Every structure is written in C-alpha cells, then in structure tokens.
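Notes for the structure review
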Amino acid sequence: MIKRSLIFGALVALLLGGCVGQTPAASPPAAQELQVLTVMTHDSFAVSAELVQQFEAENSVKVNFIKGGDAGTTLNRLILTSLSGTPEADVFYGLDNTFLSRALEQDLLEAYDAPALAQIPAEFQLDPSHRALPVDYGDVCINYDKAWFQEHQLPVPQSLEDLTKPEYAGLLVVENPATSSPGLSFLLATIATFGEEGWQSYWQALKANGVVVVSDWETAYYTNFSGSSGRGAQPMVVSYATSPAAELIYAETPLTEAPTASIVADGACWRQVEFAGILKGTQKRALAEKFIDFMLSQPFQEDVPLQMFVYPVLPAAKLPEAFVQASQVPQKPATLDPELIAQKREAWVQAWNELMLK
Amino acid sequence: MKRSENKRVLRAALLWLLPAAFLLVFFYQPLFAILRLAFSPAFDGGWQGASAAQVLKPLGFTLWQAALSTFLTLLVGLPAAYLFSHFDFKWREALRLLSLLPFILPTVVVAACFNTLLGPRGWLNLGLMAILNLSEPPIRMLQSLPAILLAHVFYNTAIIIRLVGSAWSRIDQKLVHAAQMLGASPWQAFREVTLPLLLPAITGASLLVFLFDFTSFGVVLMLGGPQFATLEVEIYTQALYMLNLRLAAVLSLVQLACTLLVAWLQSRASQPRYGKAAVSAERANLRPARSAGEKAFIAVMVILLVMLILTPLLSLITRSFVTLEAARGERGQIQTGFTLRYYQELFQNRTGSLFYVPPIIAVRNSLVYALLTVVIATILGLLGAYALNQPWKANRILEPFFMLPLGASAVTLGLGFLVAFRQTAWSSMPFPLLIPIAHALVALPMVVRTLLPALRGIPSSLRQVAGTLGADEPRVFREVDLPLLLRPLLVSMVFAFTISLGEFGASSFLSSAQTPTIPVAIYRYISQPGALNYGQALAMSTLLLVVCGMGIFLIEKIRLPGEELF
C-alpha cells in the first residue's frame, strides 16, 4: 500500500516538476530583451508557423497571439477591456464588415496608411479613414449535399425565394443570428435581398416551410447537415462558400470531387470582409505597422486560403488547387451599408428572434 | 467560559483566513470589477432598464429545467448510489469509474455522441426504421427539452453516485440491524435510521446538481436549441453579442441571488439533527447479492447505467476508429471500416500552422492545470470545511457564500478576470496560472460540499478519546480525522481533477493561444468542416476520456498506511 502511494507521489512530483521546469523555459532571461507584440484575433485565425517565425526573426520581436472567441466576442472583449484602461493587445485581426461600424464608433483603432493598400481593390476598402484595413474575404452561402439532391432527383434551389417552395420543406438548417456569426450573415443577406420591409415576411414563409434553426455552426454542420460526417437530416446548411474545398482537403480518403457545393446565385450569399487594425494606445506603433504590412504581404496573403479557408484581398496572391476546383465565388454577393448594420443589427436580431423562436 | 468562546472564534477565523482570501481576491474582486464597469456611465447609452419579461422568462425556464433535471438525476442516481455502496459485483469498479467520465466531455462532443445515437440518422432511428418499416425517423428528441434533461442526467448522475454513495457506505449497518432487531420493517429502518443519516449528503449533492443544471450553458444551446434560453445563455448573448453589458449584469445578479438562496436553504436543511453516528470503513457494507430480488436489482441498475452512460461514450470511441467513407460525390454505398487515420493525423501538422497542437502537449497542459487545481482546491477546501465545522454562529451566514462561485455566470466572471487582473500586479504573472485558479473556484464548492458532511459525521468522542490518551492536535488530525476523511477527500480530488480536465470556457478565455488544453484542441478541430477534422475531434475526445480515466484510477488508488484498521 505504501509503495503504491509512493509511486503516485512520485508521478505527481514528476508532472509538477515538468510544469515548474516549463515556466522558465517559456521566458528565458534573454527573451526579456525581445519586444513582445500582442495580437488579438478570433478563434478561427491560423497562420503558418514558418511565416511568423520569419517575421519574428526579421524584426527581433516575439509575437504573442490571444484568441478572443468568435468575431463578435473578440470585438466586444476588446471594447470592454479598452474601457477599463489600456488595450489588451497591439494589433487586432478579425473584425468583419458586420461589426466594422461598432469598432469605428468605439474608436478602438488608429489609422494607418499601409503602402499595400494601393494594390487592394476598392470594394474591400470599406473604411476610408484607414483604421480598419482589409486582409481577406469569404462568402457565407448555403451549402448543399450533392448526393442527396441527385438521389432525390430534386433540382438545387436557384435563389433565396426558391427555398420557400414546398418541395424544399424542412430541408434547410440555419443558425441563430443572436449566437452565430454565419447565422447573422445569412440574416443580413436576406435583409439585403428583400429589403427592410420584406425580410420578415420572407422568414415567415421560411418558417412555414419548416426551416430548422439551431444555435451554432457546429450543430448545424455536424449534427443537422446530411453532407457532413454527422449525416444529419437536412441537405442544406448555412455555411461558407469555401466549406466544399475544406471537405475536399480534409477528406478521409482522397476524393475526386467535393461532396458538397454552394448556392452562389445573385444575392444569396453574404460577403464577409475581415479587417486588421492597430489598437489605440499601443506602445509599439512601429512594430504594429510592420505586422499589418506583413499581413498584407504576398506570402501571408497566399497562406490565408489553406489556413483559414478565406480568400486573400491581394489580387496578385495565387490560390491553391482545391480552391480553384471546389470553392465557388458568387458574382453578386449581398451587401449592406456598414453604418446601417451598426444602427439596426440589434433591432433586426431582436425582431428575428420574436418571429422565429416565439 | 468566555475565554474558550473567544478561542473558538479565533480558531474558526484562522481556518477561514486562506479560503476567504482566495475567494475575495479571485472571485469577489473580479465580480465586483465587472459589475462596477457594467453600471458605469460608459454603458448608459440607450439603457432603458430591464423589462420584467427579459428577466422573468429566462429565470422561469432556468428554474424549471434545473428542478426537473435534478429530480430525474436523483431518480437514477440514488438507486445507483445504493448499488455501488452496498453490493459487490463484477465490473463494479469499472462501472463506477466510467460513470464519472461524462463529466469531462465538452458539450460539442456530447452533442455529436447523442447525434450518432439518437439523431435522425442515428443508429437507434435507423434500426427502428428498418424493423418497423418506417420512412421517417420515429424518435425526434434532439433540439428539445427531453434532450436537455437527458444530457443533464448523463452529465450529473456521477455527482449523486459519488457523494451519496460515499456517505451511504460509511453508515454503520449495525444501526440498521439494531433497528430491525427492535421490530422495524426494512422500510421503517430506512426511513428512521438510514435516511436521516444520509440526508445531509443527499441535499448537498442535489444542491450541486441543481446549481450545475441551473447555470447550464452548452447543453441548452447545442442540444436544446435556440428556442430555449437559460439565464446563463442570455447573459452570454447579451454580454458578448449585443454588448448590452448592463442587462447581462442584471441577469448575473439575479442568478447569483438565486444561488445564494438555494445554498442557504440547503445549509438549513442539512444541519445534522441526529447527533453523530458511528461510521464504518469504506468497504465494510459491500457484499455480494443474496436474494433473487437483489440480483434483479443489480442487473436492472447495471443495464440502466450502461444504456445511459456507456452507450454514448462507446459510440464516440467506436466512431473515432471507424471511417464512414462513401464516394460521396456520387454516394454509392457508405463503406465502413476500421481506421487509425484520425489518430495518426493528430500527430501531423498538415498545414504547418502556428496553432497546431501536438496531442502530447495538449495532454501535458491539461494535466498540469488539473494537478494544480487538485492541489489548490483540496487544501483550501479542507481548510474551508474545517472552518465551517467550527461551532461559530457566523458560519451559518458564511456557508452559502462558499457555494456562490458555482452559481456565477462563467461569462461574467471571465470578463471580470480580464478587467480585474490586467491592471494590477497580477498581469505580470504568467496568465495561464489564472486557469487552474479559475478551475479551483468551481471545484472548491464541490470539495467543501463533499468534505463537510463527512467531517460533521465524525463523532467528537473519538477526538476527545485520542486527546485524553495524549495525542496532540496534529496527531489527532493525522490518526483520527484523516483516515475517516480519506474517502471523501479522494472523492473531492477526483471531482477537482475532472472539473479541470473538462473545463473549456475559462481555458479558452484566459489562455494565450499557445497553451491550449485538450478541450480547446477538440474545439479547434470541430469548428472546421471536413471529415478528417470531425474524426480528429472524436479521436482527441477519446484521448481525453483515456487521460481522465487513468487519472481517476490513480487517485483512487491512494491508500493510507493502516487505513484497513478502520
């Protein structure tokens, strides 16, 4: 018995020792000379280790990333912490056009006229004051399960209106715009398409046609959607235009063709543009500028698609093969004035809530 | 007389010192900081006050589902506690250990498990459709109130089994036998002898289950669906999506007030009224089944527990080893086959991402946090339980405040941590240390709840005898209290360990991106489309189950020299 507890004690000591040994390793004395640049991002942020290491070496800096939740959560977290004093980070990446106005209103960011802006198309430059600089974009579209539609010999819907037809009853799953960012994007697409007067009656028709509402993307995609590994009941889901490419790249066995595709009809998708910016009050302005330049540089822009499944804003950046093959880019995605979104978002979400969940 | 009274108060105050300081610094301070911010003029814009409906509707639903869930959990948990504390049967230890595992699973994984079992294309529906020749899945219970209730029972039955079972196994059967000898029927003996002795443990365990259900978040969001909102879900939505921090703060206060009220009621109900009863050693009550009735009871309970707890776990584990690949572009037949691909893939950083987590590192991070949590929560919990056990009037008022961290909204507290610990000296300390501290905040009430009934059950005569025989206080603690407290102490260590391993919110909120835990890694996989990502999330979850199972196994193997004497 004593032996056993000794072994256990030794194990505990070993593990704790491992932890204690870990702490100094993380901050060696030499590291104190290195500057630390803190970057706040949303959870979906990813980048090649190699690129970041290169940036760190070139600028003798250590980049510390904080993941603050999804896009909305991260922004609100920054607003809260900046209200209570200095900002939590030097650079913020992951602001999108649905939250753009709020960030500008709260005066979170400092302007920076990055040289690379000259090469970025004007359609992405939604902030003329250059406080929020576009980095990438992606479209929230309805994904469908190709095999399902083939098996049931049903034509794929060609517009948002089609979704209210009886043959598509109960086939679509969407996310709650109050708790999910693709859910909010889809709501905005319907408002852009049907106008401020018409969107509610459109949703009423969707509701009558048995649209399924869940709280988050994970549930929608992996529990309800029939085209994913979860093999759910709905063959259509609100997801991203790049999801079919991800299905191809992350397939279990190499596939010749993606099992899903997106409905990219005019006005059926919502374009999310993601921005980066320098947080107001940073002590490391010069380094922060360098990091923004780094995000707009060709190597980073070409890294973006496979890391985050979004498109680079830099036209010169080359796209990976799977993107060209499986990801569709809508010709006319829906858009709304960021100002209008900022004013109405809560009211719209509230109205949607009353309409759909009561 | 007066002197000894003063001494007692001093003693209680000294015992209180450390746990109270911990709670003040790490719980009440951040809570206060965020509430102050919420009610500051910065959040005045457009505030029209909370309407009664905004508060009462989520409150009503929260209370209703928590009460119902707790009742159902007791319904399963109490017979199970009886089973584990009285009968020795094959696989008893394994089943007892397995029953704790749901506790650590992230909700997103539980949702996936339930889906593979009960979903529209789950095997239960597929089976029923095949047998009954139906064209539509007959069971539609995901995204409904029953799904919420089922998940709560799935998660929390272990609390009842451990807490009540531990108390039940320490009741001296001689008392029950004596009652029966004096002519009491088994039912009378149970009602008059066992139940009163068991009541503090039952109410304590029910309180914990109630509070866990009361602050339920992920289960309601993912399994219940958007038409259900508990206070916690509303707080999250209001604070982080609507930036209506003030409404979130109001809701948080309502939630805290309810917690305090429930904790206070519980502490009233669980005051031991029957004095101290003799206690017996852990396994003394264990015996094989004798009558056919007992055998049937064991069989029914084992089957029930296996169905409730084991099948979802098994479906998860199986799925992590099985491909369901079809040439899906054209979808011919779905081919199933054994695969280790998901596990192999875990060890590869395919895209060279900076945020790739080698499984070993995630396991190490999780274990380090879990062990620190166990150390912090056990030491503080032990001190706290002793403090509460002192005959001091203020204790009655102070006790509920110990439970409060369980009822605090994770979002509110998380934001409080961010606001409170960035400006001060704390910001210079490595941020991840706040993670085990946050975990310990949740674990502390569990530890106190587990130890207190046991501590109150130790007859003071034992201590007095030891004292008269010349033992000093440390020795009395070592040789009288500790052996009697060892079991409950291990129970609370197991809880602290599992709470920390499975915790996701604080870990993702407070860690910098480079020190992820296993649950954080699971979320990273499952938040991306692709069969491989899904498979890796399940493989990582299986890994979490294995790590947790091994940890619990090791903790339960701790023995004190000479413990068998009791």
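Residues numbered from 1 in each chain as written. Chains lettered and ligands numbered in written order. Predicted model: local features only at pLDDT ≥ 70, side-chain atom pairs only at ≥ 80, totals over all residues. Heavy atoms only, no water.

Secondary structure assignment for chain B yields 22 helices and two strands. Among the 566 residues that make up chain B, the fraction classed as buried is 58%. If you take every contact in chain B between residues at least 6 apart in sequence, the share linking residues at least 24 apart comes to 80%. Element-wise, carbon and sulfur atoms account for 69% of the exposed surface of chain B, whose accessible area totals about 23000 Å². (Helix = DSSP H or I, 4+ residues; strand = E, 2+ residues; numbered from the N terminus. Buried < 20%, exposed > 50% of the residue type's maximum accessible area, 1.4 Å probe, protein only. Contact = heavy atoms within 4.5 Å. Areas by Shrake-Rupley, 256 points an atom, 1.4 Å probe, with all protein chains shown as cover.)

Of all hydrophobic cores here, the largest spans 259 residues; its most connected members are Leu95(A), Phe291(A) and Leu415(B). Tallying contributions element by element places helix α6 (residues 145-168) of chain B first for this core, with 16 residues. Among residues more than four places away in sequence, those in contact with Leu415(B) are Leu80(A), Ile34(B), Ala239(B), Leu240(B), Leu245(B) and Phe509(B). Among the nonpolar cores identified, the runner-up in size contains 42 residues, and Trp199(A), Ala261(A), Trp348(A) and Trp352(A) belong to it. (Core = buried A, V, L, I, M, F, W, Y, C linked by side-chain atoms within 4.5 Å.)

This brings us to the layout of surface pockets. With a probe scaled to a water molecule rolled over the atoms, the places where space remains empty come into view. Approximately 1400 Å³ is the volume found for the second largest pocket. For the second largest pocket, the lining is made up of 48 residues, of which Gln350(A), Gln238(B), Met242(B), Asn244(B) and Leu247(B) are closest to its centre. Of all the elements in the fold, those that place two or more residues in the lining of the second largest pocket are α3 (71-83), α4 (100-105) and α12 (338-357) of chain A together with α2 (52-86), α10 (231-241) and α11 (245-269) of chain B. Ranked by residues supplied to the lining of the second largest pocket, first place goes to α12(A) with 10 residues. Residues that form the lining of the second largest pocket fall into these classes: 22 nonpolar, 17 polar and nine charged. (1 Å grid on protein atoms, 1.4 Å probe; cavity = no way out; pocket = protein on both sides within 12 Å on 5 of 7 lines; lining within 4 Å. Points joined across faces, edges and corners; volume = space filled by probe spheres on them. Nonpolar A, V, L, I, M, F, W, Y, C, P; charged D, E, K, R; others polar.)

Next up on the list: the environment of Ser507(B). All names here are of chain B. Note that Ser507 resides in helix α20 (residues 505-510). Note on Ser507: relative accessible area 1%, which makes it buried. Taking the C-alpha atoms as reference, Ser507 lies 9.6 Å from Tyr369; in sequence the two are 138 residues apart. Not counting residues within four places of it along the chain, the set of residues in contact with Ser507 comprises Ile435, His439, Thr517 and Val520.

On to the state of the cysteines, then. What is meant by a disulfide is a covalent connection between two cysteines, made through their sulfur atoms. This structure, assessed with the given rule, holds one disulfide over all chains. Cys141(A) shares a disulfide with Cys269(A); S-S distance 2.2 Å. The disulfide joining Cys141(A) to Cys269(A) has a torsion of about 120° about its S-S bond and is therefore right-handed. With Cys141(A) in strand β5 (residues 133-145) and Cys269(A) in the loop between β9 (260-263) and β10 (270-279), the pair connects residues that are 128 residues apart, well separated along the chain. For the unlinked cysteine Cys548(B), the closest cysteine sulfur is that of Cys113(B), found at 14 Å. (Disulfide = S-S within 2.5 Å.)

Let's shift gears to the interface of chain A and chain B. Quoted interface sizes are often the accessible area lost when the parts come together. Contact with chain A, which involves 84 residues of that partner, is made by 73 residues of chain B. Summing both sides of the interface, chain A and chain B together bury roughly 7000 Å²; the carbon and sulfur share of this comes to 59%. When the buried surface of chain A facing chain B is broken down by residue, Arg231(A), Tyr250(A) and Glu252(A) rank first, second and third, together holding 13% of it. Taken together, the connections running from chain A to chain B amount to zero salt bridges. For the interface between chain A and chain B, the tally reads 10 residue pairs in polar contact (both at pLDDT 80 or more). Considering each element in turn, the side of chain A that touches chain B owes the most residues, nine residues, to helix α1 (residues 2-26) of chain A. Taken together, the residues of the side of chain A that touches chain B sort by class into 36 nonpolar, 30 polar and 18 charged. (Buried area = accessible area lost by both parts, 1.4 Å probe. Salt bridge = Lys/Arg side-chain N within 4 Å of Asp/Glu carboxyl O. Polar contact = N/O pair within 3.5 Å; in protein donor to acceptor, adjacent residues only side chain to side chain.)

With that out of the way, let us pick up the side chain of Ser169(B). Mapping Ser169(B) onto the fold places it in the loop between α6 and α7 (173-181). A polar contact of 3.0 Å, which involves the side chain of Ser169(B), links it to the backbone oxygen of Ser166(B).

A full pass over the atoms with the stated rule returns 23 salt bridges over all chains. Of the charged contacts, one joins Glu294(B) and Arg287(B) as a salt bridge, the two residues approaching to 3.0 Å between their closest N and O atoms. Put simply, Arg350(B) and Glu345(B) hold a salt bridge, and the shortest N to O gap is 2.7 Å. The exposure class of Arg350(B) is partly exposed, given its relative accessible area of 41%. Under the relative-accessibility criterion, Glu345(B) is labelled buried at 5%. Look at the salt bridges and you will find they share partners, linking Arg102(A), Arg345(A) and Glu346(A) into a network.

Using the criterion set out here, one finds 44 aromatic pairs over all chains in the structure. Seen in terms of ring centroids, Phe194(A) and Tyr202(A) are 4.2 Å apart; in terms of plane orientation they differ by 20°. Their pairing is stacked. Judged by centre distance (5.7 Å) and plane angle (55°), the rings of Phe103(B) and Phe495(B) are tilted. In this pair, Phe103(B) is assigned in the loop between α3 (92-98) and α4 (107-118) and Phe495(B) in helix α19 (residues 473-502), connecting sequence segments 392 residues apart. Residue Phe103(B) is classed as buried on the basis of its relative accessible area, which comes to 13%. Take Phe495(B): its relative accessible area is 1%, and that puts it in the buried class. (Phe/Tyr/Trp six-rings, centres within 6.5 Å; stacked < 30°, edge-to-face > 60°.)

All names here are of chain B. Where α2 meets helix α8 (residues 186-214), the axes come as close as 8 Å, and the angle between the chain directions of the two elements is 135°. Viewed along their axes, α2 and α8 adopt a mutual orientation that is oblique. Handedness of the α2/α8 crossing: right-handed. On the side of α2, the interface is formed by Thr62, Leu63, Gln65, Ala66, Ala67, Ser69, Thr70, Thr73, Leu74 and Leu78, while α8 contributes Ile202, Ser206, Val209, Phe210, Asp213 and Phe214. (Axes fitted to C-alpha atoms, helices over the stretch in contact; angles between N-to-C directions. Parallel < 35°, antiparallel > 145°, perpendicular 65-115°, else oblique. Left-handed = near helix turned anticlockwise from the far one by under 90°.)

Mean pLDDT over chain A stands at 87; residues scoring 70 or higher make up 91%. In the model, residues 1-32 of chain A has pLDDT below 50 throughout and makes 16 contacts with residues more than four positions away in sequence or in other chains. (pLDDT = per-residue confidence, 0-100.)

Bringing unusual backbone geometry into the picture now. Trans peptide bonds make up most of the peptide bonds, and negative phi angles are found at most residues other than glycine. All names here are of chain A. Located in the positive-phi region is His130, a residue other than glycine, with phi close to 55°. Within the fold, His130 resides in the loop between β4 (109-110) and β5. The phi dihedral of Phe309 is positive, around 55°, even though this residue is not glycine. Among the structural elements, Phe309 can be located in the loop between α10 (298-308) and β11 (311-312).

All names here are of chain A. By secondary structure assignment, the location of Asp127 is in the loop between β4 and β5. An unpaired buried charge is present at Asp127: no salt bridge exists, and Arg131, the closest side chain of opposite charge, is 4.4 Å distant. For Asp127, the side chain forms a polar contact with the side chain of Ser129, separated by 2.6 Å. Here the side chain of Asp127 touches Arg131 through a polar contact of 2.7 Å, landing on its backbone nitrogen. Residues contacting Asp127, with those up to four places away along its chain left out, are Leu104 and Ala132. (Lys, Arg positive; Asp, Glu negative; His and termini not counted.)

A few words now on α3(A). All names here are of chain A. In this model, α3 (13 residues) spans 19 Å end to end at C-alpha, consistent with the 18 Å of a helix rising 1.5 Å per residue. Residues of α3 that are buried: Ala71, Gly72, Thr73, Thr74, Leu75, Asn76, Arg77, Leu78, Ile79, Leu80 and Thr81. One or two residues past the end of α3 sits Gly85, with phi positive at roughly 145°. (Expected span 1.5 Å × (residues − 1).)

This part is about the confidence of the model for chain B. All names here are of chain B. Here chain B averages 83 in pLDDT, while 90% of its residues score no lower than 70. Low pLDDT, under 50, characterises residues 327-332; the stretch is placed with 23 contacts to residues that sit more than four places away or in other chains. Under the prediction, the complex receives an ipTM of 0.81, its pTM being 0.85.

The next thing to look at is the pairing of β5(A). All names here are of chain A. Across the 13 residues of β5, 13 count as buried, placing the element largely inside the fold. Two strands pair when backbone bridges link them, and β5 and β10 are joined in this way by seven bridges, in the antiparallel orientation. Residue Gly138 lies in a different strand from β10, and its bridge partner there is Gln272. Direction of pairing for β5 relative to β11: antiparallel, over a ladder of two bridges. Bridged to Asp136 within β11 is Pro312. (Pairing = 2+ DSSP bridges.)

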